Structure formats: structure tokens, C-alpha cells
Amino acid sequence: MAAPSQTTATTPHRILLPADHRALAPSVVRLPVRAHGNRASLSVSAAAAAPAASTAAPSAPANGVVAGKPTVLVAEKLGAAGLELLREFANVDCSYGLSPEELRAKIPLCDALIVRSGTKVGRDVFEASAGRLRVVGRAGVGIDNVDLAAATEHGCLVVNAPTANTVAAAEHGIALLTAMSRNIAQADASLKAGKWQRNKYVGVSLVGKTLAILGFGKVGSEVARRAKGLGMHVIAHDPYASADRARAIGVELVSMEEAMTTADFISLHMPLTPATNKMLNDETFAKMKKGVRIINVARGGVIDEDALVRALDSGIVAQAALDVFTKEPPAPDNKLVLHENVTVTPHLGASTVEAQEGVAIEIAEAVIGALKGELAASAVNAPMVPAEVLSELAPYVVLAEKLGRLAVQLVAGGGGIKSVKVTYASARAPDDLDTRLLRAMITKGLIEPISSVFVNLVNADFTAKQRGVRITEERILLDGSPEIPIDYVQVQIAHVESKFPSAISETGEITVEGKVKDGIPHLTKVGAFQVDVSLEGSLILCRQVDQPGMIGSVGSVLGEENVNVSFMSVGRIAPRKHAVMAIGVDEEPCKGTLTKIGEIPAIEEFVFLKL
Ligand SMILES: NC(=O)c1ccc[n+]([C@@H]2O[C@H](COP(=O)([O-])OP(=O)(O)OC[C@H]3O[C@@H](n4cnc5c(N)ncnc54)[C@H](O)[C@@H]3O)[C@@H](O)[C@H]2O)c1
Ligand SMILES: O=C(O)[C@H](O)COP(=O)(O)O
């Protein structure tokens, strides 16, 4: 076998989107690659889509469950336009007001769940779903009612609707600000009770007053715009906001200290996180100007409610206007709700006709996209990969998974992988190459063949960490055209033995390397041996003494057993020494065939690998 490395294609090539041999399993979240034609992998099996008993289902699918369509449980009221979109794609079960037990009972029959802020989607829900739940759609912004860590661990994507209710929330903030300052709610109640108390309900003016906005994001900045229109002096505190954006609206970004000590009004617009929990407390109230007024349309938990009661009673806080509460609905004897100087609404910030239709469409599109395997732009627990990056990287995504799959099958024993290095050789500057998706796919390839875990973009890093696999990435900057995103990808597993020792490189790691050629992923290196074989079907790797007739000998064993060879490639270090032959096969050879290959005298070692 002194002939140069050769490649024999026997079948026309196809571009394969990530092959997922378990794709029909209902628990699999498709990786973020667009569905391929009518690939069945996105739909659930007929059995899995069994009708879900609806407890209070104004528009549940009743008996009209269509087998093969995913099932979406809508657990809180959603606008009609969103429901319509969902029904075109899925079986939709609208069951509002489920108890936690009812939700847990229903969830194993659902591929997606849509909620607003009133449903707690805790770890118990993901556990009860037994792997079927693929997407949780939060029809709104705040995702503090969804256990993101549990979702991620279960490979469940969480998407939200981040923009459609921004204006509604800002308008509600302004409504509370103005209503509070002129005692509208109290005066209304008094008049309805038959009183005429003009002296009691003297308000305060807004013009010229300082409004401090805490959380200068989407809602905060819309409140700022409107408050400026009312003639207020607006300052904002947000450690992550851009000063340029603030300046453009005419708002000065200040420290928390300055906001606390100078504001006449404070309006809250940050998310509820461990860092913002009880952000307004006895200590912060003590710093505020006496007679300050507080508006909260963010989350109840950002205020220590007992401390606010104390601040109201002591006169530090003159008035508060609250749309949100730590516990919703609040207890009937909640001191803030009953307080004379507090104006309350039952979490109505997003409740306008327009916002609810917008949110419903936004979340329906995100959930449908996610069920189709597309990466939703509003994914909350997965890195966002823009569509153009996704389409450019599609063949590399396939390559990455296959290299991971090959590398792990080369490990003797298969279980003790601790350290994996991925190298991307590219002419692109590091900032121009987003490798998160590729890393996730390599992780998928490495872990799925040796475990029962389904790995996707959502849970890849978590799963690797949980299994103690450290994946490091390295970049090699090449000269050449940055048009091509990556020249080659190399996967190396350190500190393991190989069942095919030739796969161990000079530096001691199992090494496989691949390229994309004409859109098709190719294996181009195993250990120190250059090969060139298209990564389709399965692969036999043989190391042999480099001598004439080897291709013929192996080819005829396979031919006799009716195993079709798609590619053959031989790589060698020097003529007549050792060579590695990579043989692509369409069918899986039986044990006997592999034994016969192993018995060919010049074959020194061989391995069969499934791609
Ligand atoms: N009442 C309602 O019905 C209603 C409606 C919409 C939104 N909301 C709530 O309003 C809040 C804001 O929504 P959004 O769409 O503007 O979100 P957003 O993500 O656009 O803005 C949040 C801002 O808070 C800032 N922030 C984070 N931590 C902070 C901290 N420690 N101090 C100060 N700022 C901090 C962030 O940098 C960000 O700019 C969310 O909690 C959301 O759930 C409530
Ligand atoms: O975070 C949000 O989007 C708001 O709090 C709205 O919540 P809702 O969907 O329950 O009205």
C-alpha cells in the first residue's frame, strides 16, 4: 500500500444537521439548528402526545388531540392571537388555576408549558415531567417564578417575552405615581363611602421633584421618559446601565447612596435576584429624605415589606404605591395593603389589552420556535446564538458532535474522562468566532454515548461539570481568509488509555481532528496519522503495516459480508512502516466480520466506531 492517501466516494453527499439517534425521544430538546424539512424529530411520539385531562379548560383540545403534534399546556390566561398561533402547531391545553398537584399530574403529558407570574414552576414540576417538558414559556418578563437551575439541569429551555409589556408596565408606574401623589384611590373610596373630604386629600406636585429610578432597563427608561414629560428631575441607579443611553434620555446615572438621599420619589424597576432581594430595607429607608414616596411595579421581594411598614409608620416614607408583593396574592391582613398611605393594585402592570396580545404572540412564537429546535432569541437559560452565526456554523456543529462521539469511543473503558481540550484553528479574530454552540455539541458527542443523559445547548456545560469533565478551549490563529469560520477542529482527551492506541498523539492525548469540506464534515487526523474520511455512516479504523494489498484485503472481507464501503483513506507516517486506514461503512459490520478484519496478518489494531 504505497499509494497516496485516497478517497472513494460511492454515494452522493448530504449535509446532515446534527444527527441525533435518539431524536424521537420526547425528552430531547433539539439543538439549536433549524428543523430539516419535515424531520420528525421535533414532534413527539403519538404515545407521548396522549390527551391530557383538562381541569378547567375553556379551550382545551378536548378529544381533538392530534397525534404527532407536541402538547402545550397554557396554565394562565393568554391572549387569543397567541393561542391561535399555538393551535396551528400544537395540541393546546388551556388549564387555568391548576393546583401544584394538578400541574405535576399534567406535566408528564406536555412538551411545553406557558405561564405568567402566577404559577410557580419549581424543581418539582421538572422532576414530575420525567424528561418530557422541553420548553417553559414565561408570558412576561420576570422569570423569578421559574426555577432556572432545575430547568437547566433537566435540559429544559426557558424563554420569556421580554418586550411586549414594557410600555404597559411603564404606564402603570406613571399611573401609580400620579394616583399616589394626588390620593386618587383614597379619595375615590372616600367619596364612594358618601364623604366629601377636600381638605384631607391635598396632594403633592410632581413638577421639579426628583425621581430616582432604580433599575434603568426597558421599563425604567420608559418611566424616565414619561416622568421627564411631567417636568420631573430624573436620576437613575443601575450598576449595569450605559451612561450614554441615560444621557440620551436626559437622565443622570448616580450611586445608590445618591439616589437614596436625594430622591423625592423612588420607582423600582430591577429584577428580583439574590442581589436585589430586600434591596430597600431598614438601612436604606433610614438614608432616605423624610417624606419620600415609593413606587414598585417590579417585584414585591425587592422591598423588605415589614421595613416599609415601619418606614411608613415613622413618616420616613410618606406614601407608597405597590403593584407587586412578596407573596401574591397577599394575605387579607397584609399591613401594606391595608395601610392608609399605600395605594395598591393586584399586579396589573402588564395588564393592558395591547400588552397581553403582544405578550401572547411573543411567547407563542418563542415556544413554537423552541419546539422546532430553533434557538429562541429570548432564551433565558441558554446562550443566545444569532441566526446568521447559527447558519454559518451548521456544518461545524455536525463536525463538533461527531468528533466528540469519535473521541469518546476511542477511550478504553469510556467512563473516566476528566480533561478535554478543544482547539479551533481559524483565521478569524477570537471575537468573531462564537464557539459556545460547538463546545455544547462536542460535549453532547462526548457524553451521550457513555450516559443516559440527553445533552443539549441548555444543559451541556452543566452536564459536563456534573460529570467532572473539564472542557477547555484553545484558539490557533491562522493566516488566511476569515471568510471560512474554522479551518479545523481538534478534540483531545488527556489522561486516558485508548482502545486504539494509534489514536494517542505524540503528546499523550487521544486526538481526533476534523474539517468541513464542501459542507461535509471530514475526519482528517487520528493520533499522529493524517486521514481523510467523510463523517457519515460508521467508521472502522485499522492500524497496519504499510504494504501493498491492504485496502483490497479489508475491502473484500467487508464485501463478502455485504457491508458497503463509502470511503477509504490511508494515512502513514513513512512508507512501508505503519499506516492508519479509515474506512467509512454504510452498515454496521457483524462481530464475525470485525474478527475477520482483525485476523488479517498485517492488521495490528482496529476499532469500529459509530458516528
Ligand atoms: N408589574 C408588572 O406587571 C411588570 C411588568 C413588566 C415588568 N415587570 C418587572 O419589572 C422589572 C424590570 O423589567 P424590565 O423589562 O425593565 O427588565 P430589564 O432587564 O430591561 O431591566 C432591569 C434593569 O435592572 C437593572 N438591575 C439589575 N440589578 C440591579 C441592581 N442591583 N440595582 C439596580 N439596577 C439593577 C439591570 O441592569 C437592568 O437594566 C422586572 O422585575 C420585571 O419582572 C413587572
Ligand atoms: O414580569 C412581568 O412581565 C410582569 O410582572 C407581568 O406579569 P404577569 O404576566 O403575571 O402579568
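Cut-off values and rules
Residues numbered from 1 in each chain as written. Chains lettered and ligands numbered in written order. Predicted model: local features only at pLDDT ≥ 70, side-chain atom pairs only at ≥ 80, totals over all residues. Heavy atoms only, no water. Axes fitted to C-alpha atoms, helices over the stretch in contact; angles between N-to-C directions. Helix = DSSP H or I, 4+ residues; strand = E, 2+ residues; numbered from the N terminus. Parallel < 35°, antiparallel > 145°, perpendicular 65-115°, else oblique. Left-handed = near helix turned anticlockwise from the far one by under 90°. Contact = heavy atoms within 4.5 Å. Nonpolar A, V, L, I, M, F, W, Y, C, P; charged D, E, K, R; others polar. pLDDT = per-residue confidence, 0-100. Near = heavy atom within 4 Å. Polar contact = N/O pair within 3.5 Å; in protein donor to acceptor, adjacent residues only side chain to side chain.

Participant: Help me understand the packing of helix α1 (residues 80–89) against helix α13 (residues 353–372), please; the structure alone is not making it clear to me.
Facilitator: Packed helices, taken two at a time, are described by their axes: the angle between them and the distance between them. Interaxial distance between α1 and α13 falls to 7 Å at its minimum, and their mutual angle equals 20°. Relative to α13, the element α1 lies roughly parallel. Like other packed secondary-structure pairs, α1 and α13 cross with a definite hand, here right-handed. Touching A80, A81, G82, L85, L86 and F89 of α1 are E357, A360, I361, A364, E365, V367, I368, L371 and K372, all from α13. Partitioning the contact of α1 with α13 into residue classes produces eleven nonpolar, one polar and three charged.

Participant: Which parts of the structure should I look at to understand unusual backbone geometry?
Facilitator: Excluding glycine, most residues fall at negative phi; most peptide bonds, likewise, are trans. Here the residue pair E328 and P329 is connected by a cis peptide bond, since its omega of -10° sits within 30 degrees of zero. Considering the arrangement of structural elements, one finds P329 in the loop between β11 (317–322) and α12 (335–338). Backbone geometry at N562 places phi at a positive 60°, although glycine is not the residue there. Inspection of the secondary structure assignment puts N562 in the loop between α17 (550–560) and β20 (565–572).

Participant: Help me understand the confidence of the model for the protein, please; the structure alone is not making it clear to me.
Facilitator: Predicted coordinates in regions of low pLDDT should not be interpreted in detail. Chain-level pLDDT for the protein is 86 on average; 87% of the residues reach the 70-or-more range. Residue range residues 1–62 is modelled with pLDDT below 50. Its contacts to residues more than four positions away, or to other chains, number 164 contacts. Here the prediction assigns the complex a pTM of 0.72, and the interface score ipTM is 0.99.

Participant: Looking at this model, I keep getting lost on the site of ligand 1. Mind explaining?
Facilitator: Around ligand 1 sit 26 residues in total, of which K218, V219, D238, V297 and D323 are the nearest. V219 places a main-chain nitrogen or oxygen 2.8 Å from an oxygen atom of ligand 1. Its residues assigned to classes, the shell around ligand 1 shows 13 nonpolar, nine polar and four charged.

Participant: Can you walk me through the packing of α17 against helix α18 (residues 591–599) in this structure?
Facilitator: Following both chains from N to C, one finds α17 and α18 inclined at 160°, their axes separated by 10 Å at the closest point. It follows that α17 is roughly antiparallel to α18 by the angle criterion. Crossing angle aside, the handedness with which α17 passes α18 is right-handed. Listed contacts from α18 to V554, V557, L558 and E560 of α17 are T593, K596 and I597. Looking at the contact of α17 with α18 residue by residue, the classes come out as four nonpolar, one polar and two charged.

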